[in-house]
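Working through the structure, step by step
Below are the chains, spelled out letter by letter.
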Amino acid sequence: MQPIRYGILGSGFMGRTHAEALRHIEGAQLTALALGSRAAKLAEDYSVALCESAEELIARDDVDVVIIATPQFVRRTGAAGRRARQTPLHRKADDHHRCRRRPYPRSV
């Protein structure tokens, strides 16, 4: 089985946390990093390629999955600067009610 090759956008606490987690996952391989003032050090620590931009990392042939580990206020996509769409935890508009409801009533 081929390893899944990861790239990480962001070099702060969460970037390092994801890099370390990938080290312990069988079949996962960190191949590149980009963004952040600590990116060069993080890339050196994990012996991976350092990209100058998010676009460069995403365009790499040796990256299958990109982990976005930047703070929410930094997350933007495309040249238009639109906010990145976050994946919802529920599939339907009314599913959020199921998440809030207690599974069993309290009994005293």
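Everything below is about the structure shown above.
Notes on the structure in this doc start here. Since the structure is predicted, the reported quantities are computational estimates derived from the model, not experimental observations.

1. A short note on the environment of L42
Here L42 shows up in helix 2 (residues 39-45). Accessibility expressed as a relative area gives 1% for L42, which makes it buried. For the pair L42 and G12, spaced 30 residues apart in sequence, the C-alpha to C-alpha distance is 8.9 Å. With residues near it in sequence (within four places) discarded, L42 still touches G10, S11, G15, R16 and L33.

2. Description of the nonpolar core
When a protein is soluble and globular, its nonpolar side chains tend to lie buried together. Ranked by internal contacts, the top residues of the largest apolar core, which has 13 residues, are I8, L22 and L30. Going through the elements one at a time, strand 1 (4-9), helix 1 (13-23), strand 2 (28-34) and helix 2 are the ones with two or more residues in this core. Sort the elements by how many residues they give to this core and strand 2 lands first, with three residues. Ignoring any residue separated from it by four or fewer positions in sequence, one finds L22 in contact with Y6, I8, A28, L30 and I67. One finds L9, A32, C51 and A54 within the second-largest nonpolar core, a separate group that totals seven residues.

What counts, and at which threshold
Throughout this document, residue positions are counted from 1 along each chain, in the order its sequence is written. Confidence filtering applies because this is a predicted model: local features only for residues at pLDDT of at least 70, side-chain atom pairs given and counted only at 80 or more, and all residues used for totals across whole chains, interfaces and linings. As a rule here, side-chain values come from all non-hydrogen atoms in the structure, and water together with hydrogens is ignored. Helical segments are the DSSP runs of H or I of at least four residues, strand segments are the runs of E of at least two, and each set is numbered from the N terminus. Accessible area is worked out with a 1.4 Å probe on protein chains only. A residue is then buried under 20% of its type maximum, exposed over 50%, and partly exposed in between. Residue contacts follow a heavy-atom distance rule, with two residues in contact if any of their heavy atoms lie within 4.5 Å. Note on terminology: a nonpolar core comprises buried Ala, Val, Leu, Ile, Met, Phe, Trp, Tyr and Cys residues joined through side-chain atoms within 4.5 Å.

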